[in-house]
Amino acid sequence: FVAPLEDANERLGRAWGQVAHLHAVLDSPELRAAYNDNLPKVTQYWTELGQNQALFAKYRALGASAQFAALTPARRRIVENALRDFRLGGAELPAEQKPRYAQIQEELAQLSARFSENLLDATNAWSLVIEDEKRVAGIPQDVLQAARQEGRRAWKFTLHMPSYLPVMQYADDRALREEMYRASATRAAEFGKAEMDNTPLIARILPLRREIAHLLGYPSYAEVSLVPKMADSPGQVIGFLEDLARRARPHAERDLDELRAFAREELGLAPLESWDIAYASEKLRQKRYAFSDQEVKQYFPEDAVLAGLFRLVGTLYGVRVAPASAAVWHEDVRFFDVHDADGSLVGQFYLDLYARDTKRGGAWMDDARARRRRDAAIQTPVAYLTCNFSRPVGGKPALFTHDDVITLFHEFGHGLHHLLTRVEDLGVSGISGVEWDAVELPSQFMENFCWEWDVLRHLARHVDTGEPLPRALYDKMLAAKNFQSGLAMLRQIEFSVFDMRLHWDFDPAAQRSAQQLLQEVRAKVAVLVPPEWNRFPNSFSHIFAGGYAAGYYSYKWAEVLSADAYGAFEESRSVTDPSTGARFRDEVLAVGGSRPAAESFRAFRGG
Ligand code: ZN
């Protein structure tokens with residue numbers, strides 16, 4: 001009975017998955033209306049399915065039968081996950097509580113959709129046109145070229161990352177940086193249009209999540225969220241984060257003292273404000289390590305980066321990536337085949353790299369179709385890879401910063417996890433059924449290669465001259481690798497602690513807002529405290545519109561695993577050693593969710 005049920009659910013999942021994907025990357029009033037009209041129906045279907053007594057009874061009987069022991073490990077895990085999900089889906093609730101559970105799920109789905117729509121609308125609602133050339137001093141030429149208004153001497157800046165980040169990093173005009181920082185940090189908050197304000201949504205989402213937890217018999221939503229994860233309890237996660245914070249703090253304090261002293265003495269910026277940090281940091285880095293992000297960017301044209309990435313995965317895993325064709329939703333989008341060493345098709349992916357008004361911010365991988373056996377044939381997996389990089393300007397290929405390259409490798413790591421699976425059952429194929437706090441292992445693992453000379457020298461070439469990356473520039477990049485890493489670490493910990501406490505010991509019924517909790521967390525964890533009017537929670541899509549609620553710590557959790565996994569490559573003859581790559585493919589990427597992540601990790605790394 002599991003197979004026909006999977007068939008039926010896959011049909012709905014794929015159809016709705018396409019709509020949800022377009023809602024995220026090609027938003028329009030019509031699509032948004034259609035999405036929101038149908039969201040309650042789809043949510044209702046999954047809720048009812050999760051509480052279906054007849055199915056629950058069949059899974060329970062299967063789990064207790066002699067047949068169960070004869071199943072493959074992957075199938076046993078699917079049954080175990082299903083039983084767990086029935087319980088978390090409210091299948092054991094008394095009949096009179098089920099309608100309330102369903103009602104909450106429906107409302108939460110709508111609130112999440114609304115949260116990301118508001119954020120996109122608020123991002124698009126703001127722009128700044130500058131006509132005074134003096135005000136754009138310091139901003140790199142390619143950024144100005146992209147901002148240039150047709151037919152007149154004026155530049156338009158927006159809150160989309162390819163426009164926002166370089167202004168914060170390079171604009172000499174402090175007032176311009178402040179204006180943009182303020183616009184970005186107050187998006188979707190009470191200062192703007194009421195219909196785009198995410199504050200009431202947050203105030204509604206949190207008590208609803210708590211109510212779900214109470215219905216299911218858990219003290220908080222954090223406990224519910226952790227059931228299918230590697231971590232055991234919110235206390236364990238907080239302990240892990242606090243330990244990291246303690247170790248990172250002295251480094252972060254030193255980073256900040258240096259930055260403050262430099263900004264005061266060399267740039268005349270005192271006190272150092274939030275809108276000075278990226279600017280002063282870039283200047284300090286240029287002074288200390290004698291190179292700029294902008295200089296590095298010239299060596300990372302898109303075509304060279306993609307070719308280098310595909311070459312790397314060819315060496316590591318023996319796969320070949322080649323352009324292919326398929327219907328796409330936007331002219332920016334490309335499609336690729338991935339072939340195995342024997343020439344067989346392993347999977348395919350869409351690549352949608354550039355920022356645009358209709359696309360949600362950030363970068364992510366999503367599955368369009370998962371690998372599974374269909375009778376005698378194998379259905380190959382398909383992935384969506386989405387980023388928000390600068391598009392090409394001035395007839396040149398798009399130029400990526402080194403951070404962009406790292407982001408691309410990260411998402412490609414998720415893509416490989418989805419595409420290189422050998423599992424034949426949908427429920428644990430690719431990233432399905434993988435514990436959420438282990439899901440960032442293959443992605444963060446891939447980031448390491450962006451720092452390897454043997455990888456970069458094949459990947460980077462100057463956009464105008466075609467020259468390879470100079471060894472001297474690489475050495476400077478490497479020397480600067482840990483520049484301000486203490487500050488970056490504490491920032492991630494601050495978000496992780498905020499997210500965990502928000503869903504754990506924070507009582508949404510008390511007279512205290514999420515913003516107030518964040519300020520409390522900052523007072524304890526952060527060394528850099530943003531202005532009082534900074535409304536970070538209002539744009540924290542990961543936890544309010546994504547799947548990371550009480551799970552943002554996953555980045556730090558999996559980083560430890562990924563660093564350890566990468567150690568195996570560093571200990572090999574070369575970091576691109578194919579036999580170590582093959583083992584990583586076999587023990588981690590190929591097995592998907594068919595066994596616990598800790599087992600896969602041990603199988604690869606030993607111990
Ligand atoms: Zn990721």
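Residues numbered from 1 in each chain as written. Predicted model: local features only at pLDDT ≥ 70, side-chain atom pairs only at ≥ 80, totals over all residues. Heavy atoms only, no water.

Each helix and strand in the chain was counted, giving 25 helices and nine strands. Taking 607 residues into account, the globule formula puts the C-alpha radius of gyration at 25 Å, and the chain, at 24 Å, falls close to it. The principal-axis extent of the C-alpha atoms belonging to the chain is close to 75 × 60 × 50 Å. Side-chain charges in the chain split into 72 positive and 83 negative, and the spacing between the mean points of these groups amounts to 1 Å. (Helix = DSSP H or I, 4+ residues; strand = E, 2+ residues; numbered from the N terminus. Rg over C-alpha atoms; globule rule 2.2 N^0.38 Å. Lys, Arg positive; Asp, Glu negative; His and termini not counted. Charge placed at Lys NZ, Arg CZ, Asp CG, Glu CD.)

Moving on, we come to the nonpolar core. In terms of nonpolar packing, the biggest core is built from 127 residues, with Phe300, Tyr317, Phe349, Phe449 and Phe584 touching the most fellow members. Ignoring any residue separated from it by four or fewer positions in sequence, one finds Phe449 in contact with Leu312, Leu316, Phe409, Val455, Tyr566, Phe569 and Val575. Core analysis: the next-biggest nonpolar cluster, separate from the first, contains 21 residues, Ile130, Val143, Met168 and Trp533 among them. (Core = buried A, V, L, I, M, F, W, Y, C linked by side-chain atoms within 4.5 Å. Buried < 20%, exposed > 50% of the residue type's maximum accessible area, 1.4 Å probe, protein only. Contact = heavy atoms within 4.5 Å.)

Let us look at the layout of surface pockets. Here the second largest pocket is characterised by a volume of approximately 410 Å³. As for the second largest pocket, its lining consists of 18 residues, and the residues nearest its centre are Val2, Ala3, Glu6, Arg75 and Asp425. Every element with two or more residues in the lining of the second largest pocket is listed here: helix H1 (2–25), helix H5 (73–88) and strand S7 (372–374). Per element, the largest residue contribution to the lining of the second largest pocket is four residues, and it comes from H1. Residue classes in the lining of the second largest pocket are distributed as eight nonpolar, one polar and nine charged. (1 Å grid on protein atoms, 1.4 Å probe; cavity = no way out; pocket = protein on both sides within 12 Å on 5 of 7 lines; lining within 4 Å. Points joined across faces, edges and corners; volume = space filled by probe spheres on them. Nonpolar A, V, L, I, M, F, W, Y, C, P; charged D, E, K, R; others polar.)

Running from amino to carboxyl end, helix H23 (residues 554–570) crosses helix H24 (residues 578–589) at an angle of 150 degrees, the nearest separation of the two axes being 9 Å. Here H23 lies roughly antiparallel to H24, going by the angle between them. Residues Ala565, Ala568 and Phe569 of H23 touch H24, and the partners they reach there are Thr580, Gly581 and Phe584. (Axes fitted to C-alpha atoms, helices over the stretch in contact; angles between N-to-C directions. Parallel < 35°, antiparallel > 145°, perpendicular 65-115°, else oblique.)

That bond from Ala270 to Pro271 is cis: its omega, -5 degrees, falls within 30 degrees of zero. Look at Ala550: it is not a glycine, yet its phi comes out positive at around 50 degrees. Mapping Ala550 onto the fold places it in the loop between helix H22 (541–544) and H23.

Before going further, it helps to spend a moment on the coordination of the zinc ion. Around the zinc ion, the donor atoms from the protein are His410 (NE2), His414 (NE2) and Glu440 (OE), and they sit 2.1 Å away. Each donor residue of the zinc ion lies on one chain, and together they are spaced H-x3-H-x25-E. Here the residue His410 and the residue His414 both occupy positions in helix H16 (residues 402–419), the gap between them amounting to four residues, near one helical turn. Judged by relative accessible area, His410 falls into the buried class, the value being 8%. (Donors = N, O, S within 2.8 Å, 3.2 Å for Na, K, Ca; no water.)

Tallied over the entire structure, the rule returns zero disulfides. Note on Cys387: no disulfide assigned, nearest cysteine sulfur contributed by Cys450 at a separation of 12 Å. Residue Cys450 is classed as buried on the basis of its relative accessible area of 0%. (Disulfide = S-S within 2.5 Å.)

Across its 13 residues, helix H13 (residues 277–289) extends 17 Å between first and last C-alpha, which sits within 8% of the 18 Å expected from 1.5 Å per residue. For H13, every residue scored as buried is listed here: Ile277, Tyr279, Ala280, Ser281, Glu282, Leu284, Arg285 and Tyr289. Where the residues of H13 are buried, they touch helix H8 (161–170), helix H9 (174–185), helix H12 (234–267), helix H14 (293–297) and helix H19 (471–479). Ala290 sits one or two positions beyond H13 and adopts a positive phi of about 55 degrees. (Expected span 1.5 Å × (residues − 1).)

With that settled, the discussion passes to the packing of aromatic side chains. This structure, assessed with the given rule, holds 43 aromatic pairs. Relative to Trp533, the ring of Tyr181 lies with its centre 5.8 Å away and its plane at 65 degrees, an arrangement referred to as edge-to-face. Of this pair, Tyr181 sits in helix H9 while Trp533 sits in the loop between helix H21 (514–525) and H22; the two residues are 352 residues apart in sequence, bridging distant segments of the chain. On the basis of relative accessible area, Tyr181 is assigned to the buried category, the value being 11%. A residue is classified by how much of its surface remains accessible, and Trp533, at 15% relative accessible area, is buried. Seen from their ring centres, Phe449 and Phe569 are 6.0 Å apart, and the 85 degrees between their planes marks the pair as edge-to-face. Taken together, the residues span a long stretch of sequence, with Phe449 in the loop between helix H17 (441–447) and helix H18 (453–459) and Phe569 in helix H23 at a distance of 120 residues. The class of Phe449 is buried, set by a relative accessible area of 0%. Ring-pair connections join several aromatic residues into one group, and the members of that group are Trp436, Phe495, Phe498, Phe536, Phe540, Tyr548, Tyr552 and Tyr555. Here Arg471 stacks its cationic end above the ring of Trp453, 4.8 Å away from the centre of that ring. (Phe/Tyr/Trp six-rings, centres within 6.5 Å; stacked < 30°, edge-to-face > 60°. Lys NZ or Arg CZ within 6 Å of the ring centre and 35° of its normal.)

Spatially, the five strands line up as an open sheet ordered S3-S4-S5-S9-S6, and their pairing is mixed. The open sheet has two free edges, formed respectively by strand S3 (320–324) and strand S6 (364–369), since each of these has just one partner strand. Between one strand axis and the next, the sheet turns by 30 degrees as a mean value, whatever way the strands run. As defined by bridge partners, strand S5 (residues 345–354) adjoins strand S9 (residues 382–389) across six bridges and the pair is classed as parallel. Across the sheet, residue Tyr350 finds its bridge partner in S9, namely Tyr384. Lying on the sheet, helix H15 (residues 302–317) is in contact with S3, strand S4 (334–339) and S5; it crosses S5 at an angle near 155 degrees. (Pairing = 2+ DSSP bridges.)

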